[in-house]
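Notes for the structure review
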Amino acid sequence: MSYYFTILSPTDTPLFNIAFGTSKGGGDGIARFRFPETAQYMNQFIIHSSLDILEEAQWTNGGMYLKHIDTYPPAAAYITAFLTPSGARFLLLHQPPHLPSSTSISSGLGSSSLLGTAGSTTRASSSSIAANPTSPQTEEAVRQFMNEVYESYVKTAMSPFYKQGMEIKSPVFRTRVTAAGKKWL
Amino acid sequence: MSSTKTSRIGEEIWKTRVDKVNAELVTLTYGTIVAQLCQDYDSNYQDVNKQLDKMGYNIGMRLIEEFLAKSGVGRCANFRETADMIAKVGFKIFLNVTPTVTNWTSDNTQFSLIFEDNPLADFVELPDDGRAQDELWFSNILCGVLRGSLEMVSY
Amino acid sequence: MAVPPRHATMQSISNGSTAQGTDRPQTQQTQQAQLSQQSPGLRVPSNRKTIYDRHLNRSRNAELSRASFAFLFGEMVTYAQRRVTGIQDLEKRLNEQGYPLGLRLLDLLFYRSTSTSSSALSSSSTSSSPPNRPLRIITLLHLIHGPLWRLLFNRAADALEHSVSPDTPNEYMITDNDPMVNTYISAPRDMSMLNCAAYVAGIIEGVCDGCGFETKVSAHNQPTELWPSRTVFLVRFGDPVMEREKVLERAGVK
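Residues numbered from 1 in each chain as written. Chains lettered and ligands numbered in written order. Predicted model: local features only at pLDDT ≥ 70, side-chain atom pairs only at ≥ 80, totals over all residues.

As recorded in an unreviewed UniProt entry, chain C goes by Trafficking protein particle complex subunit and comes from Penicillium freii. Comment text from UniProt for chain C, heading Sequence similarities (unreviewed entry), reads "Belongs to the TRAPP small subunits family. BET3 subfamily." Listed under Subunit (unreviewed entry) in UniProt, the entry text for chain C is "Part of the multisubunit TRAPP (transport protein particle) complex." (UniProt positions renumbered as here; feature names shortened; annotations may be inferred.)

Chain B goes by Trafficking protein particle complex subunit BET3 in an unreviewed UniProt entry, where it is assigned to Penicillium freii. UniProt lists a comment for chain B under the heading Sequence similarities (unreviewed entry), and it reads "Belongs to the TRAPP small subunits family. BET3 subfamily."

As C-alpha cells, this is what we get:
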C-alpha cells in the first residue's frame, strides 16, 4: 500500500504533505505509486477533486473522522478524511499495490527495477490489514493514525507564532507523522 | 530569615491569599502579546525585547505593592535574602514557580535565577527564521518586572 | 496542589551572555536581577524537549495568579491603545488579538474531550466516541457558553439568548455578569465606553469561524445595579450561515 497524506487549510492551501508506504506485513515504508513519474501531481489532483464531497460530508456528519469519502477508480486511489474542529482538513490517499498478476501488464509503464521491487513488496503486504482500503480494520488503523497526527497538529497550532494557514515546516512534526504512519499503516 | 521559612511563606500565601485564574489563559495571553509585538516591530527582536522589558517595568512598579500587601514581609537584611524572597515568595505567588537562585558572584552583587519550569512559555515554539531562537528573549518581560519592582524598593 | 511539574522550557529564558545588561542603561538593576541561562544558544532547549514532547494536558488544571493576568492584560490594552485612533479601533484590535486564540482553544477543547484522561491517544481507546463538531448554531453556542467558558474562566457563562426581534433572527446574546477581563482594568477617561471584553469577543469569533460559522461578535456594557460590569456578547451570524441552517434543519441534521 502506498499513501499520500496532506493537510489543507480551511481555504484549501496545502500546509503539509508526505508520501510513504506501508510498514505492515514486512513493508519498508517507501511509497511506490503505480505511476511514479506523475504520482505527486496525480495525488494532489485526486485529493483536490474529492474536496466537494468532503464539504458535503462536513455538514452531514459531525464527526472529526469522516472515514472513506471518495474513490478514484482510474488510479485505484481511496481518500479518507479527518476534519479538525477549526477547519483544517487531513486527507489520506491510499493506493493498494498491483496484484502480482498485474505486475507484468504494467511493467512497460515504469522502469523495470522500480516495478520489480514493487512487485515483491506487493506479495508481502497483500495480507496486511492495509491491503483493503475500505475494510473496518483499515478504517480503524487510519483513525488511529489521524488521531495521532491531530495531537501533533494541535501542538503546532497552540504556539502563538503559528497562524492559521501557515505551512507546517517543523522537522519534528514530520517525524511524528512518519512515526504514526509506521505505527498504524 | 531562613530559606525554608521563606519557602513556607510563599507556599502559604499562594494557597490561601492568592486569587487564581486558569493558567492557560495567562499563558496564551502572554503568547499573544509577544506574537503581536513581533508583528508590529516587523520581527526586529531587539526592539521586541526592549518593549517587553518596558512592559515588565510598568508591571513591576505596581506589582511590588501587591507583593508587599500580600506577603506582609518587611525589609530584607541583605541582597541574598532579597534573592531568596524574589524566588520563593515573589515568583511563587505570581507565577506559581520557584526558580533556583545560583551563580552568585564573590562580592554578592549578582546572581542568576534558573527556571525549571516557565508557565509563560508553555506551548511556545519560536519562529523558525534563523534569528528568533538567538535573538528573541521570549520571557524578557520578567526582567522588566524585576527591574521595576526592585527599583521601587530602592535597589 | 496536584499540578504535575512542567518540563523545563529553557528556550524562553534570556540568554546568559546577553542578559547581563551591558548594553542597557539600567545596568545596576539588571545585573542584580538577571535571568540567566548558561547555554550559549537557545536553538535547542537544553533538555531537548520541543512542543511536541509536552503533553497537551499538562497544564490542564494549572492555576496562576489573577493579578498576573490582570497585569499582563492591562499592558496589552495600554500598548494597543497607543496604536489606535479611538475606542472602536481599540476594540477591533483587541478583538483581532483574541481571534486566533479562539481557533487554538477550539482544537484544544476537542483534543481534550477525545483523549481520555492522561492516556495517550495511541492506546486503542476507541470505545469512547469523540464529541461532534457543531453543525448547528445552537450546538455551537452551547459549546461556547459551557465548555469554552469553563476552560477560560472556570465557570459557564451566565446566559444565552436568541434575539426576539423578527428582523434579527441571526443575533444571539451570551451574557457574563462579571467578566474577569474587566475586573482590574479601569478604562482611560476619554474611553469610558471601552469594553476590554472585546478580547473575549474575538475569542468567540475565532471559535465560530473555526467551526465554519461566519460571525461578527462584539462586547457591550449592560450594567445592572447588582452587576456593574455585566457584559453582553452580541453574536451576529452571516447570511450564508443562516441559509445553511435552514437547509440543515430541513435535512434533519442535529
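There is more to say after this.
**Some details on the sheet that holds strand β2 (residues 14-21) of chain A**
All names here are of chain A. The strand order across the open sheet formed by five strands is β2-β1-β5-β4-β3, and the pairing between neighbours is antiparallel. Among the strands making up the open sheet, the edge pair consists of β2 and β3 (65-72). With strand direction ignored, the average angle separating the axes of adjacent strands in the sheet is 20°. Strand direction decides the pairing type here: β3 and strand β4 (residues 77-83), joined by six bridges, are antiparallel. (Pairing = 2+ DSSP bridges. Helix = DSSP H or I, 4+ residues; strand = E, 2+ residues; numbered from the N terminus. Axes fitted to C-alpha atoms, helices over the stretch in contact; angles between N-to-C directions.)

**A few points about helix α4 (residues 79-95) of chain B**
Residues and elements named next belong to chain B. At Ile86, α4 shows its largest kink, close to 35°. Most of α4 sits out of view: 13 of its 17 residues are buried. The first or second residue beyond α4 is Asn96, which carries a positive phi of 55°. (Bend = angle between axes of the 7 residues up to and from the residue. Buried ≥ 20, exposed ≤ 12 C-beta atoms within 10 Å, placed from the backbone.)

**Re unusual backbone geometry**
Look at Lys67 of chain A: it is not a glycine, yet its phi comes out positive at around 60°. Position of Lys67 of chain A among the secondary structure elements: in strand β3. Look at Asn96 of chain B: it is not a glycine, yet its phi comes out positive at around 55°. Position of Asn96 of chain B relative to the elements: it lies in the loop between α4 and β2 (100-102).

**Structural notes on the sheet that holds strand β5 (residues 231-237) of chain C**
Residue and element names in this part refer to chain C. Spatial strand order, β2-β3-β5-β4: four strands in an open sheet with antiparallel pairing. Looking at the sheet topology across the chains shown, the edges are occupied by β2 (159-162) and β4 (215-221). In this sheet, adjacent strand axes meet at a mean angle of 20° when their direction is disregarded. Pairing analysis gives seven bridges linking β4 to β5, with the strands arranged antiparallel. The residue bridging Thr215 from the neighbouring strand is Phe237, located in β5. On the sheet, helix α4 (residues 137-153) packs against β2, β3 (171-176) and β5 and is oriented at approximately 15° with respect to β3. (Contact = placed C-beta atoms within 7 Å.)

**Thoughts on the environment of Lys88 of chain B**
All names here are of chain B. Position of Lys88 relative to the elements: it lies in helix α4. Assessed through the 22 C-beta atoms surrounding it within 10 Å, Lys88 is described here as buried. Linking Lys88 and Ala35, residues 53 residues apart in sequence, is a C-alpha distance of 29 Å. Aside from chain neighbours lying at most four places away, what touches Lys88 is Thr6, Ser7, Gly10 and Thr98.

**Quick word on the interface of chain B and chain A**
How large an interface is tends to be reported as the accessible area lost when its parts come together. Listed by partner, the interface residues are 10 residues for chain B and five residues for chain A. When the residues that make up the side of chain B that touches chain A are grouped by side-chain class, the tally is six nonpolar, two polar and two charged. (Nonpolar A, V, L, I, M, F, W, Y, C, P; charged D, E, K, R; others polar.)

**Notes on the pairing of β4 of chain A**
Looking down a regular strand, the side chains alternate between one sheet face and the other. Residue and element names in this part refer to chain A. Among the seven residues in β4, seven count as buried, and that is most of the element. In β4, alternate side chains face the same way, and those of Ala77, Ile79, Ala81 and Leu83 on one face and Tyr78, Thr80 and Phe82 on the other are all buried. Between β3 and β4, which pair antiparallel in sequence order, lie four residues; one of them, Ala76, sits at a positive phi of approximately 50°. Bridge count between β4 and strand β5 (residues 89-95): six bridges; the pairing is antiparallel. Paired with Tyr78 across the strands is His94, a residue of β5. Taken together, β4 and the strand that follows it, β5, pair antiparallel across an intervening segment of five residues, in which Gly87 is found at a positive phi of about 100°.

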